[in-house]
Amino acid sequence: MWKKIAEHITQVTVENFEVTDYRSVGGGCINTGYKVSDGTRSYFVKINQASLVEMFRAEALGLKQMLETQTIRVPKPLCYGTEGNNCYIVLEWLDLSDRGNDKSWAQMGRNLASLHRYQGKKEFGWDINNTIGSTPQINSRCTDWAEFWVQHRIGYQLKLAKGRGLSFSDSDHLLKIILELLAGHQPQPSLVHGDLWSGNASVTVDGEPIIFDPATYWGDREVDIAMTELFGGFPTTFYRGYNEAWPLDDGYKQRKTLYNLYHVLNHFNLFGGGYASQAEKMIQQLLRKNWV
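Read on for a plain summary of the structure. Every value quoted in this text rests on a predicted model; they were computed, and no experiment measured them.

Conventions and cut-offs
- Residue positions are given per chain, counted from 1 along the sequence in the order it is written.
- Totals for whole chains, interfaces and linings use all residues, but because this is a predicted model, local features are given only for residues with pLDDT of at least 70 and pairs of side-chain atoms are given and counted only at 80 or more.
- Hydrogen atoms and water are omitted, and side-chain values are computed over all heavy atoms in the structure.
- The secondary structure listing takes helices from DSSP runs of H or I that are at least 4 residues long and strands from runs of E that are at least 2 residues long, numbered from the N terminus.
- Here a helix's expected span is defined as the number of its residues, less one, multiplied by 1.5 Å.
- One axis is fitted to the seven residues ending at the residue and one to the seven starting there. The bend at that residue is the angle between these axes.
- Think of it in three bands: with a 1.4 Å probe and only protein chains considered, a residue is buried below 20% of the maximum accessible area for its type, exposed above 50%, and partly exposed in between.
- In this analysis, strands are considered paired if DSSP registers two or more bridges between them.
- Here an angle of 0 to 180 degrees is reported between the N-to-C directions of two axes, which are lines fitted to C-alpha atoms, with helices fitted over the stretch in contact.
- Buried Ala, Val, Leu, Ile, Met, Phe, Trp, Tyr and Cys residues form a nonpolar core when they are joined through side-chain atoms within 4.5 Å.
- The contact definition used throughout considers only heavy atoms, calling two residues in contact when any of these lie within 4.5 Å.
- By the definition adopted for this analysis, an angle is roughly parallel if under 35 degrees, roughly antiparallel if over 145, roughly perpendicular if from 65 to 115, and oblique otherwise.
- Amino acid classes used here: Ala, Val, Leu, Ile, Met, Phe, Trp, Tyr, Cys and Pro are nonpolar; Asp, Glu, Lys and Arg are charged; the rest, including Gly, are polar.
- Disulfide: a pair of cysteine sulfur atoms within 2.5 Å of each other.
- The handedness criterion is simple: a crossing whose near helix is rotated anticlockwise from the far helix by less than a right angle is left-handed, and one whose near helix is rotated clockwise is right-handed.
- Note that His is not counted, nor are the chain ends; the positive residues are Lys and Arg, and the negative ones are Asp and Glu.
- Basic side-chain nitrogens of Lys or Arg form a salt bridge, by our definition, when they fall within 4 Å of a carboxyl oxygen of Asp or Glu.

1. A closer look at helix 8 (residues 252-271)
In step 1: A rise of 1.5 Å per residue sets the reference length of helix 8, with its 20 residues, at 28 Å; its end C-alpha atoms lie 28 Å apart and thus fit the reference within 8%.
In step 2: Where helix 8 bends most, the angle comes to about 25 degrees, and this point is leucine 261.
In step 3: Of all 20 residues in helix 8, 15 are buried, a share of seventy percent or more.
In step 4: Two residues or fewer after helix 8 comes glycine 272, characterised by a positive phi angle close to 70 degrees.

2. Describing the pairing of strand 3 (residues 42-49)
In step 1: Most of strand 3 sits inside the fold, with six of its eight residues counted as buried.
In step 2: The hairpin turn running from strand 2 (residues 32-37) into strand 3, its antiparallel successor, is four residues long, and glycine 39 in that turn takes a positive phi close to 95 degrees.
In step 3: Bridge count between strand 3 and strand 5 (residues 86-92): seven bridges; the pairing is antiparallel. Across the sheet, residue glutamine 49 finds its bridge partner in strand 5, namely asparagine 86.

3. Concerning the sheet that holds strand 4 (residues 77-83)
In step 1: Taking strand neighbours across the sheet as the criterion, the five strands line up as 1-2-3-5-4 in an open arrangement whose pairing is antiparallel. Single-partner strands in this sheet number two, and they are strand 1 (21-25) and strand 4. Mean inter-strand twist for the sheet, computed between neighbouring axes without regard to direction, equals 25 degrees.
In step 2: One ladder, built from five bridges, connects strand 1 with strand 2; its direction is antiparallel.

4. Description of the nonpolar core
In step 1: Grouped together as the largest cluster of nonpolar side chains are 69 residues, with contacts concentrated most on Trp145, Trp149, Ile154, Leu174, Ile211, Leu258 and Leu261.
In step 2: For leucine 174, the contacting residues outside a window of four places in its chain are Ile154, Leu158, Leu261, Ile283, Leu286 and Leu287.
In step 3: Listed in part, the 12 residues of the second largest apolar core include Ala6, Ile47, Tyr88 and Val90.

5. Quick notes on unusual backbone geometry
In step 1: Its identity as a non-glycine residue notwithstanding, valine 14 has a phi of 55 degrees, on the positive side.
In step 2: Within the secondary structure, valine 14 is located in the loop between helix 1 (2-13) and strand 1.
In step 3: Accessibility expressed as a relative area gives 71% for valine 14, which makes it exposed.
In step 4: Its identity as a non-glycine residue notwithstanding, glutamine 70 has a phi of 55 degrees, on the positive side.
In step 5: For glutamine 70, the position within the fold is in the loop between helix 2 (53-69) and strand 4.

6. Quick notes on the packing of helix 6 (residues 222-230) against helix 8
In step 1: Here helix 6 crosses helix 8 at 75 degrees, and the two axes come no closer than 8 Å. Here helix 6 is positioned roughly perpendicular relative to helix 8, judged by the angle of their axes. On the side of helix 6, the interface is formed by Glu222, Val223, Ile225, Ala226, Met227, Glu229 and Leu230, while helix 8 contributes Tyr252, Arg255, Lys256, Tyr259, Asn260, His263 and Val264.
In step 2: Partitioning the contact of helix 6 with helix 8 into residue classes produces eight nonpolar, two polar and four charged.

7. Details of the state of the cysteines
Simply put, the disulfide is a covalent bond whose two ends are the sulfur atoms of two cysteines.
In step 1: Applying the stated criterion to the full structure yields zero disulfides.
In step 2: Here cysteine 87 stays free of any disulfide, with the sulfur of cysteine 79 as its closest cysteine sulfur at 12 Å.

8. So, the packing of helix 5 (residues 171-181) against helix 8
In step 1: Between helix 5 and helix 8, whose axes approach to 11 Å, the crossing angle comes to 140 degrees. Looking at the two axes, helix 5 sits oblique to helix 8. The chirality of how helix 5 crosses helix 8 is left-handed. Contacts between helix 5 and helix 8 pair Leu174, Ile178 and Leu181 from the former with Gln254, Arg255, Leu258 and Leu261 from the latter.
In step 2: Partitioning the contact of helix 5 with helix 8 into residue classes produces five nonpolar, one polar and one charged.

9. A few points about the environment of aspartate 172
In step 1: Position of aspartate 172 among the secondary structure elements: in helix 5.
In step 2: Along the sequence, aspartate 172 and glycine 155 sit 17 residues apart, while their C-alpha atoms lie 9.0 Å from each other.

10. Some remarks on the side chain of lysine 35
In step 1: Along the chain, lysine 35 turns up in strand 2.
In step 2: Aspartate 95 provides the closest opposite charge to the buried, salt-bridge-free lysine 35, at an N-O distance of 4.6 Å.
In step 3: The residues touching lysine 35, leaving out its near neighbours within four places in the chain, are Asp21, Tyr22, Arg23, Val25, Ser42, Tyr43 and Trp93.

Written as C-alpha coordinates, this is what we have:
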(Lines give C-alpha, C1' and ligand atoms only; values in the text may rest on other atoms or scores of the structure.)
Protein backbone atom coordinates (compact mmCIF):
# COMPACT_ATOMS: atom_id res chain seq x y z
CA MET A 1 0.00 0.00 0.00
CA TRP A 2 2.74 2.48 0.91
CA LYS A 3 4.46 1.92 -2.42
CA LYS A 4 1.23 2.76 -4.29
CA ILE A 5 0.70 5.87 -2.18
CA ALA A 6 4.30 6.98 -2.74
CA GLU A 7 3.88 6.54 -6.48
CA HIS A 8 0.68 8.59 -6.41
CA ILE A 9 2.42 11.39 -4.45
CA THR A 10 5.28 11.33 -6.95
CA GLN A 11 2.81 11.61 -9.81
CA VAL A 12 0.91 14.63 -8.46
CA THR A 13 3.93 16.53 -7.11
CA VAL A 14 6.25 15.66 -10.01
CA GLU A 15 8.96 14.99 -7.43
CA ASN A 16 10.15 11.53 -6.55
CA PHE A 17 8.81 10.37 -3.19
CA GLU A 18 9.57 7.15 -1.35
CA VAL A 19 8.16 6.31 2.07
CA THR A 20 11.14 5.81 4.34
CA ASP A 21 9.22 6.32 7.58
CA TYR A 22 5.64 6.23 8.67
CA ARG A 23 4.01 6.42 12.06
CA SER A 24 0.48 6.30 13.37
CA VAL A 25 -1.11 9.62 14.34
CA GLY A 26 -4.65 10.61 15.22
CA GLY A 27 -7.07 9.98 12.38
CA GLY A 28 -10.31 10.62 14.26
CA CYS A 29 -13.05 8.12 15.12
CA ILE A 30 -13.62 7.00 11.54
CA ASN A 31 -10.20 6.69 9.88
CA THR A 32 -6.67 5.56 10.68
CA GLY A 33 -4.10 8.33 10.29
CA TYR A 34 -0.38 8.26 9.50
CA LYS A 35 2.46 10.69 9.03
CA VAL A 36 4.58 9.51 6.10
CA SER A 37 7.99 10.90 5.21
CA ASP A 38 10.90 10.45 2.83
CA GLY A 39 13.24 12.18 5.26
CA THR A 40 12.64 15.58 3.67
CA ARG A 41 8.95 15.91 2.97
CA SER A 42 6.04 14.73 5.10
CA TYR A 43 2.36 14.13 4.40
CA PHE A 44 -0.72 13.15 6.35
CA VAL A 45 -2.43 9.98 5.09
CA LYS A 46 -5.82 8.70 6.17
CA ILE A 47 -6.79 5.10 5.53
CA ASN A 48 -10.16 3.36 5.47
CA GLN A 49 -11.83 0.44 3.72
CA ALA A 50 -11.90 0.62 -0.08
CA SER A 51 -15.69 0.94 -0.27
CA LEU A 52 -15.46 4.39 1.37
CA VAL A 53 -13.26 5.99 -1.28
CA GLU A 54 -16.09 8.37 -2.25
CA MET A 55 -15.90 9.76 1.29
CA PHE A 56 -12.29 10.77 0.62
CA ARG A 57 -13.20 12.14 -2.80
CA ALA A 58 -15.79 14.41 -1.18
CA GLU A 59 -13.32 15.49 1.50
CA ALA A 60 -10.76 16.41 -1.15
CA LEU A 61 -13.35 18.42 -3.11
CA GLY A 62 -14.50 20.21 0.04
CA LEU A 63 -10.98 21.15 1.07
CA LYS A 64 -10.19 22.33 -2.45
CA GLN A 65 -13.26 24.53 -2.51
CA MET A 66 -12.40 26.08 0.85
CA LEU A 67 -8.81 26.65 -0.30
CA GLU A 68 -10.08 28.53 -3.33
CA THR A 69 -11.88 31.06 -1.11
CA GLN A 70 -8.52 32.18 0.35
CA THR A 71 -10.25 32.87 3.65
CA ILE A 72 -9.14 30.25 6.18
CA ARG A 73 -6.31 27.72 6.22
CA VAL A 74 -7.14 24.10 5.48
CA PRO A 75 -4.75 21.27 4.60
CA LYS A 76 -4.17 21.03 0.88
CA PRO A 77 -5.39 17.72 -0.56
CA LEU A 78 -2.88 15.99 -2.83
CA CYS A 79 -4.58 12.80 -3.97
CA TYR A 80 -6.86 9.93 -3.01
CA GLY A 81 -7.41 6.42 -4.30
CA THR A 82 -7.65 2.72 -3.49
CA GLU A 83 -5.15 -0.06 -3.04
CA GLY A 84 -6.42 -3.58 -2.37
CA ASN A 85 -8.95 -3.51 0.46
CA ASN A 86 -8.04 0.04 1.47
CA CYS A 87 -8.71 3.57 0.32
CA TYR A 88 -6.56 6.56 1.20
CA ILE A 89 -6.34 10.31 1.03
CA VAL A 90 -3.06 12.23 1.14
CA LEU A 91 -3.04 15.72 2.64
CA GLU A 92 -0.51 18.42 3.34
CA TRP A 93 1.26 17.80 6.65
CA LEU A 94 0.89 20.70 9.10
CA ASP A 95 2.61 20.93 12.48
CA LEU A 96 -0.03 21.85 15.04
CA SER A 97 0.39 23.49 18.43
CA ASP A 98 -1.34 22.30 21.59
CA ARG A 99 -3.94 25.06 21.76
CA GLY A 100 -2.73 28.37 20.36
CA ASN A 101 -3.36 31.72 22.05
CA ASP A 102 -6.15 34.30 22.23
CA LYS A 103 -4.83 36.12 19.17
CA SER A 104 -4.90 32.94 17.08
CA TRP A 105 -8.43 32.01 18.13
CA ALA A 106 -9.77 35.50 17.53
CA GLN A 107 -8.28 35.27 14.05
CA MET A 108 -9.94 31.85 13.66
CA GLY A 109 -13.30 33.53 14.29
CA ARG A 110 -12.62 36.31 11.79
CA ASN A 111 -11.37 33.88 9.15
CA LEU A 112 -14.41 31.63 9.58
CA ALA A 113 -16.68 34.64 9.12
CA SER A 114 -14.83 35.39 5.88
CA LEU A 115 -15.41 31.81 4.71
CA HIS A 116 -19.10 32.16 5.52
CA ARG A 117 -19.32 35.37 3.50
CA TYR A 118 -18.09 33.50 0.46
CA GLN A 119 -21.01 33.26 -1.96
CA GLY A 120 -21.12 31.08 -5.01
CA LYS A 121 -24.38 29.20 -5.26
CA LYS A 122 -27.89 30.54 -4.75
CA GLU A 123 -29.14 27.22 -3.40
CA PHE A 124 -28.56 25.15 -0.28
CA GLY A 125 -26.82 21.78 -0.63
CA TRP A 126 -23.71 20.87 -2.59
CA ASP A 127 -22.52 19.38 -5.87
CA ILE A 128 -22.40 15.84 -4.48
CA ASN A 129 -23.46 13.96 -1.38
CA ASN A 130 -20.71 13.58 1.21
CA THR A 131 -20.51 12.21 4.75
CA ILE A 132 -20.92 13.43 8.31
CA GLY A 133 -18.59 11.07 10.12
CA SER A 134 -19.23 7.96 8.05
CA THR A 135 -22.97 8.67 7.70
CA PRO A 136 -24.16 9.71 4.23
CA GLN A 137 -25.00 13.42 4.12
CA ILE A 138 -27.58 14.25 1.49
CA ASN A 139 -26.88 17.52 -0.32
CA SER A 140 -29.63 17.66 -2.93
CA ARG A 141 -30.11 21.26 -4.04
CA CYS A 142 -32.94 23.26 -2.48
CA THR A 143 -33.84 26.96 -2.59
CA ASP A 144 -35.71 26.90 0.74
CA TRP A 145 -33.58 26.52 3.85
CA ALA A 146 -36.37 25.16 6.09
CA GLU A 147 -37.28 22.51 3.54
CA PHE A 148 -33.63 21.56 3.13
CA TRP A 149 -33.13 21.15 6.88
CA VAL A 150 -36.31 19.14 7.33
CA GLN A 151 -35.76 16.78 4.41
CA HIS A 152 -32.02 16.32 4.18
CA ARG A 153 -30.84 16.84 7.75
CA ILE A 154 -33.28 16.10 10.59
CA GLY A 155 -35.75 14.01 8.56
CA TYR A 156 -32.97 11.86 7.10
CA GLN A 157 -31.36 11.24 10.49
CA LEU A 158 -34.73 10.28 11.98
CA LYS A 159 -35.18 7.70 9.21
CA LEU A 160 -31.76 6.25 9.98
CA ALA A 161 -32.60 6.08 13.67
CA LYS A 162 -35.85 4.27 12.89
CA GLY A 163 -33.83 1.77 10.88
CA ARG A 164 -31.80 1.14 14.02
CA GLY A 165 -35.03 0.35 15.86
CA LEU A 166 -35.55 3.66 17.66
CA SER A 167 -38.41 6.05 16.97
CA PHE A 168 -38.19 9.41 18.70
CA SER A 169 -41.21 11.19 20.15
CA ASP A 170 -43.75 12.62 17.71
CA SER A 171 -41.33 12.81 14.82
CA ASP A 172 -43.91 14.04 12.31
CA HIS A 173 -44.94 16.89 14.57
CA LEU A 174 -41.28 17.73 15.16
CA LEU A 175 -40.74 18.27 11.44
CA LYS A 176 -43.72 20.65 11.36
CA ILE A 177 -42.29 22.53 14.35
CA ILE A 178 -39.00 22.90 12.51
CA LEU A 179 -40.78 24.50 9.57
CA GLU A 180 -42.44 26.86 12.04
CA LEU A 181 -39.16 27.70 13.77
CA LEU A 182 -37.41 28.44 10.51
CA ALA A 183 -40.35 30.28 8.92
CA GLY A 184 -39.11 33.57 7.59
CA HIS A 185 -35.48 32.64 8.17
CA GLN A 186 -33.86 32.55 4.76
CA PRO A 187 -30.13 32.98 5.24
CA GLN A 188 -27.69 33.39 2.40
CA PRO A 189 -26.18 30.06 1.36
CA SER A 190 -22.76 30.23 3.02
CA LEU A 191 -19.96 27.78 2.40
CA VAL A 192 -19.85 25.94 5.73
CA HIS A 193 -17.41 23.45 7.22
CA GLY A 194 -20.34 21.30 8.32
CA ASP A 195 -18.65 19.36 11.15
CA LEU A 196 -16.94 22.05 13.18
CA TRP A 197 -16.24 20.61 16.60
CA SER A 198 -13.01 21.29 18.48
CA GLY A 199 -11.36 18.13 17.14
CA ASN A 200 -11.56 19.57 13.63
CA ALA A 201 -9.99 22.95 14.43
CA SER A 202 -6.52 23.84 15.61
CA VAL A 203 -3.64 26.27 15.30
CA THR A 204 -0.30 25.65 13.61
CA VAL A 205 2.96 26.08 15.50
CA ASP A 206 3.26 29.43 13.69
CA GLY A 207 -0.06 30.55 15.20
CA GLU A 208 -2.17 30.22 12.06
CA PRO A 209 -5.76 28.99 12.56
CA ILE A 210 -6.69 25.84 10.64
CA ILE A 211 -9.80 23.73 10.15
CA PHE A 212 -9.96 20.24 8.62
CA ASP A 213 -12.09 17.09 8.15
CA PRO A 214 -14.99 19.03 6.58
CA ALA A 215 -18.51 17.93 5.67
CA THR A 216 -18.84 20.85 3.28
CA TYR A 217 -22.07 22.26 1.83
CA TRP A 218 -23.89 25.53 1.22
CA GLY A 219 -25.98 26.23 4.31
CA ASP A 220 -26.85 28.62 7.11
CA ARG A 221 -23.59 29.89 8.64
CA GLU A 222 -25.12 29.38 12.07
CA VAL A 223 -24.75 25.60 11.76
CA ASP A 224 -20.99 25.92 12.18
CA ILE A 225 -21.22 28.26 15.17
CA ALA A 226 -23.84 26.04 16.81
CA MET A 227 -21.64 22.97 16.56
CA THR A 228 -18.68 24.78 18.11
CA GLU A 229 -20.89 25.13 21.19
CA LEU A 230 -22.18 21.54 21.21
CA PHE A 231 -19.09 19.83 22.65
CA GLY A 232 -17.20 22.95 23.76
CA GLY A 233 -13.49 23.59 23.33
CA PHE A 234 -13.67 26.95 21.57
CA PRO A 235 -12.51 29.92 23.70
CA THR A 236 -14.50 33.12 24.09
CA THR A 237 -11.97 34.94 21.91
CA PHE A 238 -13.08 32.82 18.95
CA TYR A 239 -16.68 34.04 19.28
CA ARG A 240 -15.55 37.59 19.88
CA GLY A 241 -13.48 37.51 16.70
CA TYR A 242 -16.36 36.03 14.68
CA ASN A 243 -18.91 38.59 15.89
CA GLU A 244 -16.52 41.46 15.28
CA ALA A 245 -16.29 40.34 11.65
CA TRP A 246 -19.94 39.36 11.16
CA PRO A 247 -22.37 39.52 14.11
CA LEU A 248 -24.77 36.62 14.43
CA ASP A 249 -28.39 37.24 13.47
CA ASP A 250 -31.19 37.67 15.99
CA GLY A 251 -32.69 34.28 16.72
CA TYR A 252 -29.46 32.28 16.60
CA LYS A 253 -29.88 31.12 20.20
CA GLN A 254 -33.34 29.83 19.32
CA ARG A 255 -32.07 27.93 16.27
CA LYS A 256 -28.95 26.54 17.94
CA THR A 257 -30.72 23.53 19.52
CA LEU A 258 -32.31 22.63 16.21
CA TYR A 259 -29.01 22.74 14.34
CA ASN A 260 -27.18 20.70 16.97
CA LEU A 261 -29.94 18.08 17.03
CA TYR A 262 -28.67 16.99 13.63
CA HIS A 263 -25.26 16.13 15.06
CA VAL A 264 -26.62 14.44 18.18
CA LEU A 265 -28.92 12.28 16.06
CA ASN A 266 -25.96 11.44 13.84
CA HIS A 267 -23.88 10.48 16.87
CA PHE A 268 -26.68 8.16 17.95
CA ASN A 269 -26.79 6.60 14.50
CA LEU A 270 -23.02 6.15 14.54
CA PHE A 271 -22.36 5.21 18.16
CA GLY A 272 -25.70 4.57 19.91
CA GLY A 273 -25.59 4.80 23.70
CA GLY A 274 -26.49 7.94 25.59
CA TYR A 275 -26.91 10.04 22.47
CA ALA A 276 -30.48 8.72 22.23
CA SER A 277 -31.49 10.34 25.51
CA GLN A 278 -29.68 13.55 24.61
CA ALA A 279 -31.53 13.68 21.28
CA GLU A 280 -34.85 12.96 23.00
CA LYS A 281 -34.26 15.81 25.44
CA MET A 282 -33.52 18.22 22.58
CA ILE A 283 -36.59 17.05 20.68
CA GLN A 284 -38.77 17.68 23.71
CA GLN A 285 -37.32 21.20 23.97
CA LEU A 286 -38.28 21.86 20.38
CA LEU A 287 -41.74 20.34 20.73
CA ARG A 288 -42.38 22.57 23.75
CA LYS A 289 -40.96 25.48 21.76
CA ASN A 290 -38.40 25.87 24.53
CA TRP A 291 -35.72 26.67 22.00
CA VAL A 292 -32.80 27.52 24.25
